[in-house]
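# Structural overview for review
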Amino acid sequence: MENSPNANLYVTKSYKMTNGKKTGIFYRIENPGKTITGLVWRGYLSRQRSLTRKQEVLNSLPGTIYDAHLQKIIDELSGNLDERNEYMRDKLGSEFNKYKVTGITGSKAALIDLQDKRISFNAYLQRSLPQAIKQSPDFRSEAYSLNDFENWKVAVWLSNKRGKYNGYGFVNFLEP
């Protein structure tokens, strides 16, 4: 951590470890790019304010640019998911040919782990988002990783985390 003192790290799992009569809580941590990972005793970490889930999605796509205009369009779409393409074509005009979308849908096991609070939303994203992008019709023709979206504009729609669709959402992209 000497080389990255201000890195954003996320807890993906916690462990209770015992050595003789001493017990401690350790966290498995990683950064969004998974270039920093490891176990850390919780006494060495300081708690920061929680990121919103939307910010966690944006952080998992390094180099992307949050687009408030695209976000407003997505927020107005709300219940019209079946009419998405027609709606987006109307709202984006000539930029529609740069528009791509992927769902955020994890495996059944990952969704259950998230909903039962066995994993964090960030851990769920790291497990689910790469697979969702690979399976998305908009990205299938090319192999994309989470690091391949530098300078792409992004907006996010997520279901209510207290609802039965916790863990579902959409990431909307505009190519540069």
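Residues numbered from 1 in each chain as written. Predicted model: local features only at pLDDT ≥ 70, side-chain atom pairs only at ≥ 80, totals over all residues. Heavy atoms only, no water.

## Examining the sheet that holds strand 1 (residues 10–19)
The strand order across the open sheet built from 3 strands is 1-2-3, with neighbouring strands paired in antiparallel fashion. Bordering the open sheet on either side are strand 1 and strand 3 (37–41), each of which pairs with just one other strand. Here the strands of the sheet are splayed against their neighbours by 25° on average, with no regard to which way each runs. Relative to strand 3, strand 2 (residues 22–30) is paired through 5 bridges, and the arrangement is antiparallel. (Pairing = 2+ DSSP bridges. Helix = DSSP H or I, 4+ residues; strand = E, 2+ residues; numbered from the N terminus. Axes fitted to C-alpha atoms, helices over the stretch in contact; angles between N-to-C directions.)

## Thoughts on unusual backbone geometry
The backbone of K117 sits at a positive phi, close to 60°, despite the residue not being glycine. Positionally, K117 belongs in the loop between helix 4 (108–115) and helix 5 (121–135). Under the relative-accessibility criterion, K117 is labelled exposed at 74%. The phi dihedral of N151 falls on the positive side, at around 70°, and the residue is not glycine. (Buried < 20%, exposed > 50% of the residue type's maximum accessible area, 1.4 Å probe, protein only.)

In short, shape yes, function no, at least from these values alone.
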